[in-house]
Structures are given as structure tokens and as C-alpha cells.
Amino acid sequence: MRWFLLWCAQNKWLSAHVPTWGFAKRAVRRFLPGEDFDSALREAVEFKKQGVGALFTRLGENLTALDEAGAVVQHYEEVLAASAEVGAEISVKPTQLGLDIDPAAALANLARLARAAAAANSFLWIDMEGSAYTDATIQLYTRLRADHPNTGICLQAYLHRTAADILKLLPRRPAIRLVKGAYAESAEIAYQAKRDVDANYLALCVLMLAEVKHKSLRLVLGTHDVELIGRVWRFGQALGLERSQIEVNMLYGIRTDEQLKLSKEGYVVRDLIAYGDAWYAWYLRRLAERPANVLFVARQLIG
Ligand code: FDA
């Protein structure tokens, strides 16, 4: 089921048609407060009242024209200016900023966003896409981080290479959001079994926690796996870390009760709120993460 849903995520015919179907629009609302930024901002205001921060992302990927990427940058500049009061951060996909067309232009776009984020006292995160982009994305981040300390990168625990990538990045005092990984990757390069991905996730965190203690790394756990977060915390505790030094990010609409609970326990928690009309591939990846979500879609079809 997971592979089938991830195949659907890449299918051009489906991506052109599914977003026009009413039941699909209703189903996606579970993970998306709305297609416009104002809906996302309203949710961020509500989360802030409960001690949970926000991370905004406008959906879209694999843009084919640089002027579209320029419009994305302009949009995020407006978002950063408008969301200073909620202390939100932003997270962007390199292919939404032109990586497929011109890596130098994508870097220039990232630098422009990093400057806008700094002016708004905010932070710019770079999402990690499929493995075809891992090298290019790490290169972009390495060059960006040299001039912009308020930037971070997402790395994926399912890839065999990630420990080596972390070791290369650590001397640069990076910010790393560690996720399990959402794309279909082969067994040659990625762990396939959930227990192996989870074990690697924990091992990578253990590798990084000492750097968190020395304040040379900002580590964010991008996962809804609260049991795993608990295991990471026990290692952090043994090193003498405070809960407030462990950051957790989860997606809007998933385990909201746990987000509030973790925040009350003292973790720094942010809710990643996505918005925009280009939700098809992103939504299919959410279904693939938990195929039981497909039943929810089926209910929208009937109801
Ligand atoms: P796991 O899949 O083990 O889920 C743990 C529990 O969480 C499940 O038992 C279920 O209860 C709940 N859950 C998880 N996913 C759910 C869903 N879709 N619907 C309902 N419940 C669900 N990936 C990537 O490749 N590049 C990226 O840049 C990012 N960025 C990113 C940012 C943030 C803040 C998060 C939380 C995640 C990402 N991801 C990502 C996605 C990530 O790689 C992964 O696919 C999902 O987080 C699902 O894995 P979990 O870590 O939640 O664990």
C-alpha cells in the first residue's frame, strides 16, 4: 500500500485530476487548515496560546520556471513579515525555489529568504526531498550556512548515508531536523523496515545529543513517534540536558494532543502548518505514512 500511494504521488494524470475532486478536497482538510496563508496564520495564533509554535510551509515542488520560484520567495517574504507576532519559522523545498532549473538561482533564492528570516527574527529550514536531491540539497545548505546562521536542514533517518552526512555537517554548527523519511527509496540506499529506521533514528540522535549539550547544534526531532521521542529524551537526560533543549516538530492535524502534552512537559514544540493548492503529492505522502488514513478518505467519498 505504501509503495502504491507513493507511486500515485508521482503520477501526472492523478496529480492533474485528483485535486479537482470534492471528496479529496474534503479529506485533505484533515492535514491542511486551508489553501490560503490566512488560514494557516489563524491556526498558528491558536497554537501559540497553548504554548506551541508554528512552522509554515507553502506546498509546491519541482517548479519548472524561475519566475515561479521568484514568486514563492516573494510570498515567503510577506509571510515572514506578517507572522513575526507568532514567532513562526518557515520550511521550504529546494525544488520549489528552482533547484531543478538552476542550482545557483536556488541558492540565491535561499539566501534572500535567509535574510528576510533574519530581519524577522525567524529561521529558515530546508526540507529534504527524494534521494536524487540529497547531495544537491546538502551542498546548498553548506553554502548557505556559511553566511546565514539562522538556517537549518532536514535529514532522513531511513537513508544509510545520513550518519556520514551529519558528521560532515557538525563542524559547521548546523541546525538539523531529523525525520524518518517520506519517499520511496530502494533497499540499496535506505532502510526498509520500520524497526531499522527507528533504530537508526535513535542512533543518529545519540550521535547528535552531545553537540546539543555543547550548544553547537540545534536539533529538532521531526516525528510523531512519541515513544521514540521518549527514548531520545532518556539519552538526553543521561547527558544532563533539560527537556527545553529538545525540540519536537509535528505536522498539523497529526497527534495534536501529543503536541500539547509534550509542550506542557517542557519540550519546545512546533506544529508544521502547510497550506496552498499544490497539495496532491504532499497529501499522498501523508496517506502513505499511515495507510489507515485511506479509510478516512473513503469515508469522505461516501459522506
Ligand atoms: P511513524 O510513521 O512511525 O509514526 C508514528 C505515529 O505517528 C504513528 O503510529 C501514527 O500514530 C502517527 N502518524 C505518523 N504519520 C501519520 C500520518 N500521516 N497520519 C496520521 N498519523 C500519523 N519527510 C521528508 O522526507 N522530508 C522532509 O523534509 C520532511 N519534513 C517533515 C517535517 C516534520 C515537522 C515532520 C513531522 C515530518 C516531516 N517529514 C519529512 C515526514 C517524515 O519523514 C515521516 O514520513 C513522517 O513524519 C511519519 O513518520 P513518523 O516519524 O511520524 O513516524
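Keep in mind that this is a model prediction, so the values were computed, not measured.

*Asks:* What's the story with the overall build of the chain in this structure? I'm lost.
*Replies:* On a plain count of helices and strands, the chain comes out with 13 helices and 8 strands. A globule of 303 residues ought to have a C-alpha radius of gyration of about 19 Å, and the chain, at 18 Å, matches this closely. Projected onto its principal axes, the C-alpha positions of the chain cover 50 × 45 × 40 Å. Counting over 303 residues, the chain shows a buried share of 56%. Contacts spanning at least 24 positions in sequence make up 74% of the contacts within the chain whose residues lie at least 6 apart.

*Asks:* Please clarify how helix 7 (residues 134-147) should be interpreted in this entry.
*Replies:* Structurally, the α-helix is built with 3.6 residues per turn, so residues lying three or four positions apart point the same way. The terminal C-alpha atoms of helix 7, which comprises 14 residues, lie 21 Å apart, in line with the 20 Å expected from a rise of 1.5 Å per residue. Along helix 7, the residues that are buried comprise Thr134, Thr137, Ile138, Leu140, Tyr141, Thr142, Leu144 and Arg145. Looking at the buried positions of helix 7, the neighbouring elements they touch are helix 6 (103-119), strand 3 (124-126), strand 4 (151-156), helix 8 (162-169) and strand 5 (175-179).

*Asks:* Help me out: how do you make sense of the side chain of asparagine 150 in this one?
*Replies:* As for its position among the elements, asparagine 150 is in the loop between helix 7 and strand 4. Of note is the side chain of asparagine 150, whose polar atom sits 3.2 Å from the backbone oxygen of alanine 114. When residues no more than four places from it in sequence are discounted, the contact partners of asparagine 150 are Ala114, Ala117, Ala118, Ser122, Phe123 and Leu124.

*Asks:* Would you mind showing me how to read the sheet that holds strand 8 (residues 268-275) here?
*Replies:* Picture the strands of a sheet paired through backbone hydrogen bonds; they go either parallel or antiparallel. On the basis of which strands lie adjacent, the closed barrel formed by 8 strands has the order 1-2-3-4-5-6-7-8 and parallel pairing. On average, each strand axis in the sheet is tilted by 25° relative to the strand beside it, whichever way the strands run. Two strands pair when backbone bridges link them, and strand 2 (residues 89-92) and strand 3 are joined in this way by 3 bridges, in the parallel orientation. Bridge assignment links serine 91 to a residue of strand 3, and that residue is tryptophan 125. Taken strand by strand, helix 6 contacts strand 2, strand 3 and strand 4, and its axis lies near 150° from that of strand 3.

*Asks:* In this structure, what is going on with the site of the ligand? I would like to understand it.
*Replies:* Taken together, 26 residues sit near the ligand, with Gly181, Lys194, Thr223, His224 and Glu289 positioned nearest. Take arginine 177: an N or O atom from its side chain is 3.3 Å from a nitrogen atom of the ligand. Here the ligand loses 89% of its free accessible area of 930 Å² to cover by the protein chains. Listed by contribution, the elements that provide at least two residues to the shell around the ligand are strand 4, strand 5, strand 7 (247-251) and helix 12 (280-289). For the shell around the ligand, the element with the highest residue contribution is strand 7, accounting for 3 residues. When the residues that make up the shell around the ligand are grouped by side-chain class, the tally is 10 nonpolar, 7 polar and 9 charged.

*Asks:* Is there a simple way to explain the pattern of salt bridges in this structure?
*Replies:* Should their charged atoms come close, side chains of opposite charge can pair. In total, this model carries 16 salt bridges according to the counting rule given. Aspartate 165 is the salt-bridge partner of arginine 161, the closest N and O atoms lying 2.7 Å from each other. Relative accessible area serves as the criterion here: at 29%, arginine 161 is assigned to the partly exposed category. For aspartate 165, a relative accessible area of 6% puts it in the buried group. Residues lysine 261 and glutamate 265 are paired through a salt bridge, measuring 3.9 Å at the closest nitrogen-oxygen approach. Highlighted residues: lysine 261 and glutamate 265, both in helix 11 (residues 256-265), separated by 4 residues, approximately one helical turn.

*Asks:* I keep staring at a negative patch on the surface and nothing clicks. Help me out?
*Replies:* On the surface, Glu35, Asp36, Asp38 and Asp277 cluster together to form a negatively charged patch. Inspection of the secondary structure puts aspartate 277 in the loop between strand 8 and helix 12.

*Asks:* Which parts of the structure should I look at to understand the packing of helix 1 (residues 2-10) against helix 12?
*Replies:* Relative placement of two packed helices is described by the angle separating their axes and the distance separating the axes. Interhelical geometry of helix 1 versus helix 12 gives an angle of 180° and a closest axis separation of 8 Å. Considered as vectors, helix 1 and helix 12 are oriented roughly antiparallel to each other. Where helix 1 abuts helix 12, its residues Arg2, Leu5, Leu6, Cys8 and Ala9 lie against Tyr280, Ala281, Leu284, Arg285, Leu287 and Ala288. Of the residues that constitute the contact of helix 1 with helix 12, the class distribution is 9 nonpolar, no polar and 2 charged.

*Asks:* How should I be thinking about unusual backbone geometry in this particular structure?
*Replies:* One can expect most non-glycine residues to show negative phi and most peptide bonds to be in trans. With phi around 55°, asparagine 121 is a residue other than glycine that occupies positive phi space. Structurally, asparagine 121 is set in the loop between helix 6 and strand 3. According to the relative accessible area criterion, asparagine 121 is exposed, its value standing at 75%. Not every positive phi belongs to a glycine, and lysine 215 is a case in point at roughly 60°.

*Asks:* Would you mind going over the packing of aromatic side chains with me for this structure?
*Replies:* Following the criterion strictly, the structure yields 8 aromatic pairs and no others. Ring geometry for phenylalanine 123 versus tryptophan 125: centroids 5.1 Å apart, planes at 45°, classification tilted. Each member of the aromatic cluster is reached from another via a ring pair, and the members are Phe31, Trp279 and Tyr283. Across from the ring centre of phenylalanine 123, 4.5 Å away, lies the NZ or CZ of arginine 218, which sits over that ring.

Procedures and definitions
Residues numbered from 1 in each chain as written. Predicted model: local features only at pLDDT ≥ 70, side-chain atom pairs only at ≥ 80, totals over all residues. Heavy atoms only, no water. Helix = DSSP H or I, 4+ residues; strand = E, 2+ residues; numbered from the N terminus. Rg over C-alpha atoms; globule rule 2.2 N^0.38 Å. Buried < 20%, exposed > 50% of the residue type's maximum accessible area, 1.4 Å probe, protein only. Contact = heavy atoms within 4.5 Å. Expected span 1.5 Å × (residues − 1). Polar contact = N/O pair within 3.5 Å; in protein donor to acceptor, adjacent residues only side chain to side chain. Pairing = 2+ DSSP bridges. Axes fitted to C-alpha atoms, helices over the stretch in contact; angles between N-to-C directions. Near = heavy atom within 4 Å. Areas by Shrake-Rupley, 256 points an atom, 1.4 Å probe, with all protein chains shown as cover. Nonpolar A, V, L, I, M, F, W, Y, C, P; charged D, E, K, R; others polar. Salt bridge = Lys/Arg side-chain N within 4 Å of Asp/Glu carboxyl O. Patch = residues over 30% accessible without salt bridge, like charges linked within 9 Å, V, L, I, M, F, W, Y side chains within 5 Å. Lys, Arg positive; Asp, Glu negative; His and termini not counted. Charge placed at Lys NZ, Arg CZ, Asp CG, Glu CD. Parallel < 35°, antiparallel > 145°, perpendicular 65-115°, else oblique. Phe/Tyr/Trp six-rings, centres within 6.5 Å; stacked < 30°, edge-to-face > 60°. Lys NZ or Arg CZ within 6 Å of the ring centre and 35° of its normal.

Treat this as a map of the structure, not an account of what it does.
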